[in-house]
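Below, each chain spelled out in residue letters.
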2 protein chains.
Amino acid sequence: MTKSAVIALALIAAWFTSPPEGLTVQAWRLFVVFAGAIVFVVANALPILTASVLAVACSVLTGLLSPAKAYSGFANGTILLIVLAFLVARSVVKCGLGTRIGHILVSHFGKSTLGLSYSIFLVDGLIAPAFPSNTARSGVIFPLAFSLADAAGAKPGDESRRRLGSFLMFSGVVSLSLSSALWLTAMAANPLGTEIARGFGVEIGFGSWLLAASVPTIASMVLMPLLLYRVMAPELTSTPQAPAAARRALAALGPLRRDEKVVLVAFVGMVALWASAATLKLDSTAVAFLGLGGLLASNVLTLEDISHEGDVLATFIWFAVLFTFSGQLNELGFMGFLGQRLADAMGGFSAGAAGLTLVVAYVLLHYVFVSQTAHLLALFGVFLDVGVKLGVPAAPLAFHLLCATNYFSAITPQGSSANLLFAGSGYLSQRDLYRLGALTTACNMLIYVIIGTPWFRLVLK
Amino acid sequence: MTKSAVIALALIAAWFTSPPEGLTVQAWRLFVVFAGAIVFVVANALPILTASVLAVACSVLTGLLSPAKAYSGFANGTILLIVLAFLVARSVVKCGLGTRIGHILVSHFGKSTLGLSYSIFLVDGLIAPAFPSNTARSGVIFPLAFSLADAAGAKPGDESRRRLGSFLMFSGVVSLSLSSALWLTAMAANPLGTEIARGFGVEIGFGSWLLAASVPTIASMVLMPLLLYRVMAPELTSTPQAPAAARRALAALGPLRRDEKVVLVAFVGMVALWASAATLKLDSTAVAFLGLGGLLASNVLTLEDISHEGDVLATFIWFAVLFTFSGQLNELGFMGFLGQRLADAMGGFSAGAAGLTLVVAYVLLHYVFVSQTAHLLALFGVFLDVGVKLGVPAAPLAFHLLCATNYFSAITPQGSSANLLFAGSGYLSQRDLYRLGALTTACNMLIYVIIGTPWFRLVLK
């Protein structure tokens, strides 16, 4: 209560403060409301849904935003795409196709502890484009990692055995942070980021994202299991029985069931249409509507399944609200103002130094954010604007920040909701999580800066 | 499968049929898609969510509608208000306040099932003039009806008990359709209608509306519970012990708990703000956002509660889609085309026959409208004009159409956004909703024609 009261008082004071020169009262107060919502969330005083709902009520009732503007995010095609994709992803888990794919990969790559870790990265990387929610994907990857640890005899209570489990669990955390960076459609905030980047003249589609992300991300995916293997040193290194166990599990599953076939067709169809959306001038959201309609009409998804997806509604609401705020702040000139101020402060920097500083600062700031999306909405546009003003080429910088929005999710246990299942597994202490999170995030940042920078310059205009 | 195949083939044939003269291909095909979705639902071939999702995918992917237009319904304030009302209504049930109010009403009116239904009509009719949004009012009446059903022991799972719940739920639907007709200020489109009527020399104020509406509307309010009671035949009819049991339950509940007080304050606050929304220029949807935010911040509603509200998301999706279709059909001139055809066809009618035909046609056309306001805006002026040209007295005809704009809301589940909470309650099947909607709307039309016509002639100049 005291924490909330302090924040509320500070916000009320800020509301009545006259705005810095160059900002309208409207832009300033909208910033106060938006920043207030973020502060309540970061201080763990309010859930993000509550903060967002109160923020939109406040901004409309005080006349800061017209109702039409304030609610416009709900009709945004990108946000609807995320909502639909959440619903569609449920079908992969429900029909058992996700588990089957996991078993297939373990049967090929599961002979050693390191191979188990790589199989997690591989499964995750392959299914990621069909899962715009990395949190939803963690619902597939976590049971896989857990059953691998279990099959290999790892137990949370036994120190030497525990280390195998910890290794696989943290592999899951890092894998999710990288698979999300690889595909435009692998994380909810990615399409939002491309929308914002479009405002800076940077056009990123499904194919150009994959091309740009591929080299640094795949390099990280290859190096991270080795790094974790060396740092965490699991004593059990060989699991010769895992492939056979996976084959037995596959045999027990039998041939593809009818629902798995439907889901396979639906996903292959959607991914194909999404990939050719630009060429065929198809609306990606309409493709997702079609996919959802097909899954519902074939009874692979039922109304009963949808009725359990209240979380998706909550996400829809806070996403739409925060997205609108971010857009309106931009429209009212706030982002430009902030960017100008930051740019002024970094006046003497060369373009290279400025770009590097912006990326490092962007990543470090994730220590105070609980949501990747909130971080992106709050800072991505501003950082991009500052960089552009200081002469950093827009497209590579946008891509550095977009990739960072994914790989920095491992930095703290609460850095992404996709971490929560792994953090709660009993295999990893808070100390482990922070230590390994800092290490892997720093290494990923290095890899993206060193390998990504020349690659981005090469493939992005 | 065969049923769906037949419908699909008919729709494909209609799609490639050239449109009637005076209609664009776009308007015609959009009508085919919209009507197709409704036919699939009415034929019980697809759930309304599936049909709507496929319809919007089809209309965007074929280029009939731009994505921005097709998804605009998701940002519509009225639709968001419904979504929020769903979530907010949950708190009345969860905290036990609904049960308490239910017990209070049962202790006074609960000797019979019929008494419970009348208590809904009574409460609704009395609070209506303060609620210019019947949708907002449904957010108060629905939890009441739900709590009455709950207090009387109705359960969606148990067939004989379920019928009591269905009876009370549909009582709510019909009650809202009539309470809106009783007061000028009880529904958003009423004042709009009086504005249009003024153009035909018909002056209607708060008092003259009430005077004219009173006799037929109160007659309907008295008859409708009896009609529904006879048709729906709830097995539990007499509950002589209910009032005493309710009083015992009230005693056992003890004084108001903390959460009940919060909900009471939130609802009284929302009702007060909704009632004064027009005067204070407050946006009703923002008021609902504020209420939801307050309930979440005070932990009366939790994120866990919201996570079970996937049904609300389903309703949000299909309603936004159908609402948009209806609006677009109007915008593309389909509605106006229909009205003009009608006027042409009625060239030789006597004044009486013309008036009756216009009222019947106006009511039947509500099958294709999702919004009462859109229906009124599209057709009220046209129909009044046609009637006056054919010699029907303007004032009684205007009043027949204005009342119809309210009572026809029960005709389909999507006929008014005020129906959605009841339609989504789990007590009423799509079949029930269409069957009972047709029956009660037909009976109301009869009552207004038979009792209303002489009364309107008597009291209106």
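Only a predicted model underlies this, so the values are computations on that prediction, with no experimental measurement involved.

Novice: Give me the lowdown on the packing of helix α7 (residues 113-127) of chain A against helix α11 (residues 206-232) of chain A, citing residues and values where you can.
Specialist: Packed helices, taken two at a time, are described by their axes: the angle between them and the distance between them. All names here are of chain A. Two numbers describe how α7 lies on α11: the axes approach to 10 Å, and their chain directions differ by 145°. Judged by the sense of rotation from one axis to the other, the crossing of α7 with α11 is right-handed. Counted together, T113, L114, S117, Y118, F121 and G125 of α7 and M221, V222, M224, P225, L226 and Y229 of α11 form the full contact between these two elements. Tallied by class, residues from the contact of α7 with α11 come to 9 nonpolar, 3 polar and no charged.

Novice: Any chance you could break down the packing of helix α2 (residues 25-42) of chain B against helix α3 (residues 48-61) of chain B for me, citing the residues and the numbers?
Specialist: All names here are of chain B. Between α2 and α3, the least distance of the axes is 9 Å, while the angle of their chain directions is 165°. In terms of their interaxial angle, α2 and α3 are classed as roughly antiparallel. Handedness of the α2/α3 crossing: right-handed. Two secondary-structure elements touch here, α2 through L30, V33, A37, F40 and V41 and α3 through I48, A51, A55, C58 and S59. Among the residues forming the contact of α2 with α3, the class breakdown is 9 nonpolar, 1 polar and no charged.

Novice: Hey, could you go over the nonpolar core for me, with residue numbers and the actual values?
Specialist: Ranked by size, the top nonpolar core spans 338 residues in total, and within it F74(A), F380(A), F74(B) and F316(B) carry the most contacts. For this core, the leading source of residues is helix α17 (residues 310-331) of chain A, giving 13 residues.

Novice: Give me the pattern of salt bridges: which residues, what numbers.
Specialist: Going through the model one piece at a time under the given rule, you end up with 21 salt bridges over all chains. Here D305(B) ties to K94(B) by a salt bridge, and the two come within 2.7 Å at their closest N and O atoms. Here K94(B) lies in helix α5 (residues 77-95) and D305(B) lies in helix α16 (residues 303-307), a separation of 211 residues in the sequence. Because the salt bridges share partners, they merge into one network encompassing R100(A), R257(A) and E260(A).

Novice: Quick one: what's the story with α3(B), residue by residue and with numbers?
Specialist: With 14 residues, α3(B) should reach 20 Å at 1.5 Å per residue; the first-to-last C-alpha distance of 20 Å fits that figure. In terms of residue burial, α3(B) counts as a mostly covered element, since 11 of its 14 residues are buried. The complete set of buried residues in α3(B) reads I48(B), L49(B), T50(B), A51(B), S52(B), V53(B), A55(B), V56(B), A57(B), S59(B) and V60(B). Tucked into the core, α3(B) has its buried residues touching α15 (284-297) and α16 (303-307) of chain A together with α2, α4 (67-70), α17 (310-331) and α23 (430-459) of chain B. Taken from the residues just after α3(B), G63(B) is the one with a positive phi, measuring 80°.

Novice: Help me get a handle on the domain arrangement of chain A, residues and values and all.
Specialist: Along its sequence, chain A is organised into domain 1 (1-70) and domain 2 (76-128 + 135-179 + 232-301). Relative placement of domain 1 of chain A and domain 2 of chain A: their C-alpha centres are 39 Å apart.

Novice: Let's hear about a nonpolar patch on the surface: which residues, and what values?
Specialist: Taken together, the side chains of V42(A), L364(A), L365(A), Y367(A), V368(A) and Y434(A) present a nonpolar region at the surface, about 480 Å² in accessible area. With respect to the helices, strands and loops of the structure, Y434(A) is situated in helix α23 (residues 430-459).

Novice: Help me get a handle on the packing of aromatic side chains, residues and values and all.
Specialist: If you walk through the whole model with that rule in mind, you get 39 aromatic pairs over all chains. Taken together, a centroid distance of 6.3 Å and an interplanar angle of 55° make the contact between F74(A) and F316(B) tilted. Separated into two different chains, F74(A) in the loop between α4 (67-70) and α5 (77-95) and F316(B) in helix α17 make up a pair that spans both. The exposure class of F74(A) is buried, given its relative accessible area of 1%. Assessed through its relative accessible area of 2%, F316(B) is described here as buried. Ring centres of F31(B) and F334(B) lie 4.5 Å apart, and the angle between their planes is 20°; on these two criteria the pair is classed as stacked.

Novice: Provide a residue-level description of the interface of chain A and chain B, including the pertinent values.
Specialist: Facing 43 residues of chain A, the contacting portion of chain B comprises 43 residues. Interface of chain A and chain B: buried area, both sides summed, is about 3,400 Å²; carbon and sulfur atoms make up 85% of it. Along the contact surface separating chain A from chain B lie 0 salt bridges. Counting every contact that joins chain A to chain B gives 6 residue pairs in polar contact (both at pLDDT 80 or more). Listing elements by their share of the side of chain A that touches chain B, those giving two or more residues are α3 (48-61), α5, α15, α16 and α17 of chain A. With 10 residues, the top contributor of residues to the side of chain A that touches chain B is α15(A). Taken together, the residues of the side of chain A that touches chain B sort by class into 31 nonpolar, 9 polar and 3 charged.

What counts as what
Residues numbered from 1 in each chain as written. Chains lettered and ligands numbered in written order. Predicted model: local features only at pLDDT ≥ 70, side-chain atom pairs only at ≥ 80, totals over all residues. Heavy atoms only, no water. Axes fitted to C-alpha atoms, helices over the stretch in contact; angles between N-to-C directions. Helix = DSSP H or I, 4+ residues; strand = E, 2+ residues; numbered from the N terminus. Left-handed = near helix turned anticlockwise from the far one by under 90°. Contact = heavy atoms within 4.5 Å. Nonpolar A, V, L, I, M, F, W, Y, C, P; charged D, E, K, R; others polar. Parallel < 35°, antiparallel > 145°, perpendicular 65-115°, else oblique. Core = buried A, V, L, I, M, F, W, Y, C linked by side-chain atoms within 4.5 Å. Buried < 20%, exposed > 50% of the residue type's maximum accessible area, 1.4 Å probe, protein only. Salt bridge = Lys/Arg side-chain N within 4 Å of Asp/Glu carboxyl O. Expected span 1.5 Å × (residues − 1). Domains from an automatic or database assignment. Patch = residues over 30% accessible without salt bridge, like charges linked within 9 Å, V, L, I, M, F, W, Y side chains within 5 Å. Areas by Shrake-Rupley, 256 points an atom, 1.4 Å probe, with all protein chains shown as cover. Phe/Tyr/Trp six-rings, centres within 6.5 Å; stacked < 30°, edge-to-face > 60°. Buried area = accessible area lost by both parts, 1.4 Å probe. Polar contact = N/O pair within 3.5 Å; in protein donor to acceptor, adjacent residues only side chain to side chain.

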